[in-house]
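Breakdown of the fold
One letter stands for each residue in the lines below.
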Amino acid sequence: ISLASSDKTAPVLRVENVSKRFGTFTVLQSCSISVSEGEIVTLLGSSGCGKTTLLRCIAGFWAPEEGMILIDGHNTVPVPVNRRPVGVVFQSYALFPHLTVEGNVAYGLRMRGVPRSEISRRVADALESVSLRGFENRYPSQLSGGQQQRVAIARVLVLEPRVLLLDEPFNALDAKLRGTMQIELRELIKRLGMTAIFVTHDQEEALTMSDRIAVMQGGRIEQVAPPDEIFDRPATAYVADFIGLSNFIPCKVRDGKVTLPDGQSVATKESDTVKVMIRPHNLRVTAQGTGPWQGQVRFQRNIGPLIEYIVTAGEAEIRVVAMRQDRTRPWSEGDAISLEVIDPEYCTIYPAV
Ligand code: ATP
């Protein structure tokens, strides 16, 4: 199945200033995002931030009060759900239990009155692309979770959508299977060259699956960027706090520089008091007396390949994470130690509000 269009530069999907209200409650506030051909973009945010609502607006289940949703340059807001060039894969896969794999995949084409010979060719192609040839006559109950999901994707693919919409497709799975399926699904979408929007509240899943992540909060998009940038250069304190572990430390700015508690400094355009975010793996624990940032190990634990310390330093509780093989000695609870920032440039600085 080829889903590529001729114009490789224009975005496939453009969401422009979309706002959505339920009664007087504003669920989406002027959300904009653009998705290129073959790109996987994830909407990530905590429960209730509006990510499912945005996905549903793109799918056509909801009509936004304001804004436009363009697919290949055409405004789709007036286009009914079943005529939009999108395909939705739901949380539960929503397969028909009484239909075989072939019946499930063929269903949409039958509903559209596609001729029989074309149906069997397209179904065969779709099953081929998700590596499920040979499973045509099985029922959903005779498939693993991963295979069921591939049927759900084949059922959508067969309709040749321009945009694949996936709403928390791994919710039903246990943690280990989830990890494997994330990799498989990303590889599959990439192999098919599909453009996809993916919804999750799981940051690790977003970091695994996405070309870019849109972090949402309270109906707004806070930052849209590739996973590394979201993690390493979070645009706001909210994003920094939401993705990964973070220490926020109030610091003073003088002459365009913030002095960190260990005495090192970083340039900033902010003024007065700021919050400096230091990732736990950007800190090192050293013997007391080696630096000005003194503390005491309150707690230490092994988390697989990592060792985590919670250090009490003045009023603050600071988290430090080190690779287990990196530790020079096993610091114990109660040890008096010093803290050091490994790379000051890797700290991010936010206004202290
Ligand atoms: P979750 O991860 O829990 O699904 P979400 O980020 O996907 O969260 P949405 O489902 O988009 O959040 O919901 C956003 C807000 O809109 C929530 O406060 C929710 O209660 C509200 N909401 C969603 N659907 C409706 C509706 N049909 N009528 C009224 N309010 C709604």
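Computed from a predicted model, the values in this text were never measured in an experiment.

Quick look at the overall build of the protein chain now. Helix and strand counts for the protein chain come out as 8 helices and 20 strands. In terms of its C-alpha atoms, the protein chain occupies a principal-axis envelope of roughly 80 × 45 × 40 Å. In the protein chain, buried positions account for 37% of the 353 residues. Here the contacts in the protein chain between residues at least 6 apart in sequence split such that 65% fall between residues at least 24 apart.

Residue-level pLDDT values for the protein chain average 90, and 96% of them are 70 or greater. For this predicted complex, the interface confidence reaches an ipTM of 0.93, while the overall pTM sits at 0.89.

By a frequent convention, interface size equals the accessible area lost on bringing the separate parts together. Partitioning the protein chain into domains gives domain 1 (13–239) and domain 2 (245–351). Each partner contributes to the interface: domain 1 provides 4 residues, whereas domain 2 provides 5 residues. Looking at the side of domain 1 that touches domain 2 residue by residue, the classes come out as 2 nonpolar, 1 polar and 1 charged.

Residues in close proximity to the ligand include Phe22, Val27, Gly45, Ser47, Gly48, Cys49, Gly50, Lys51, Thr52, Thr53 and His201, which together make up its full environment. Per-element tally for the shell around the ligand: the top contributor is helix α1 (residues 51–59), with 3 residues.

This paragraph deals with the environment of proline 234. Checked against the element boundaries, proline 234 lands in the loop between α7 (227–232) and α8 (237–242). Here proline 234 falls in the buried class, since 24 other C-beta atoms lie within 10 Å of it. Remark: the alpha-carbon pair of proline 234 and aspartate 202, spanning 32 residues in sequence, is separated by 17 Å. When near neighbours in sequence (up to four residues on either side) are disregarded, proline 234 contacts Gln223, Val239, Ala240, Ile243 and Thr348.

This next bit is on the sheet that holds strand β9 (residues 212–217). Here we have 6 strands laid out as an open sheet, ordered β6-β7-β8-β3-β9-β10, and mixed in their pairing. Across the chains shown, the open sheet's two edge strands, defined by having one partner strand only, are β6 (86–89) and β10 (220–225). Geometrically, the sheet is characterised by an average inter-axis angle of 20 degrees between neighbouring strands, direction not taken into account. By the bridge criterion, 4 bridges tie strand β3 (residues 40–44) to β9 in an arrangement that is parallel.

Let us now look at the sheet that holds strand β17 (residues 306–313). Read from one edge to the other, the open sheet built from 5 strands follows the order β15-β19-β16-β17-β18, with strand pairing classed as antiparallel. Among the strands making up the open sheet, the edge pair consists of β15 (283–287) and β18 (316–323). The average angle at which neighbouring strand axes cross in this sheet is 40 degrees, direction not considered. Strand direction decides the pairing type here: β15 and strand β19 (residues 336–341), joined by 5 bridges, are antiparallel. From the neighbouring strand, alanine 287 faces β19, where its bridge partner is isoleucine 337.

As a further point, take unusual backbone geometry. Its identity as a non-glycine residue notwithstanding, aspartate 72 has a phi of 50 degrees, on the positive side. Mapped onto the secondary structure, aspartate 72 falls in the loop between β4 (66–71) and β5 (74–75). Despite not being glycine, glutamate 168 shows a phi value in the positive range, around 40 degrees. Examined against the element boundaries, glutamate 168 turns out to sit in the loop between β7 (163–167) and α5 (175–192). Residue glutamate 168 is classed as partly exposed on the basis of its C-beta count, with 19 C-beta atoms lying within 10 Å.

As a further point, take the pairing of strand β16 (residues 294–303). Pairing of β16 with β19, which is carried by 3 bridges, proceeds in the antiparallel orientation. If you follow glutamine 296 over to β19, its bridge partner there is alanine 336. Taken together, the 7 bridges between β16 and β17 define a ladder with antiparallel strand orientation. The residue of β17 that forms the bridge with valine 297 is valine 311. Between β16 and β17, which pair antiparallel one after the other, the connecting turn spans 2 residues, and glycine 304 there sits at a positive phi close to 60 degrees.

In terms of burial, α1 is largely enclosed, as 8 of its 9 residues are buried. Buried within α1 are the following residues: Lys51, Thr52, Thr53, Leu54, Leu55, Arg56, Cys57 and Ile58. Downstream of α1 by a residue or two, glycine 60 has a phi angle that is positive, lying close to 100 degrees.

Two elements in contact, helix α2 (residues 101–111) and helix α4 (residues 145–157), have axes separated by 7 Å at closest approach and are oriented at 30 degrees. By the angle between their axes, α2 is roughly parallel relative to α4. The crossing of α2 and α4 is right-handed. Contact residues: Val101, Asn104, Val105, Tyr107 and Gly108 in α2; Val151, Ala154 and Arg155 in α4. Across the contact of α2 with α4, the residue classes tally to 5 nonpolar, 2 polar and 1 charged.

Parameters and conventions
- Residues numbered from 1 in each chain as written.
- Predicted model: local features only at pLDDT ≥ 70, side-chain atom pairs only at ≥ 80, totals over all residues.
- Helix = DSSP H or I, 4+ residues; strand = E, 2+ residues; numbered from the N terminus.
- Buried ≥ 20, exposed ≤ 12 C-beta atoms within 10 Å, placed from the backbone.
- Contact = placed C-beta atoms within 7 Å.
- pLDDT = per-residue confidence, 0-100.
- Domains from an automatic or database assignment.
- Nonpolar A, V, L, I, M, F, W, Y, C, P; charged D, E, K, R; others polar.
- Near = placed C-beta within 6 Å.
- Pairing = 2+ DSSP bridges.
- Axes fitted to C-alpha atoms, helices over the stretch in contact; angles between N-to-C directions.
- Parallel < 35°, antiparallel > 145°, perpendicular 65-115°, else oblique.
- Left-handed = near helix turned anticlockwise from the far one by under 90°.

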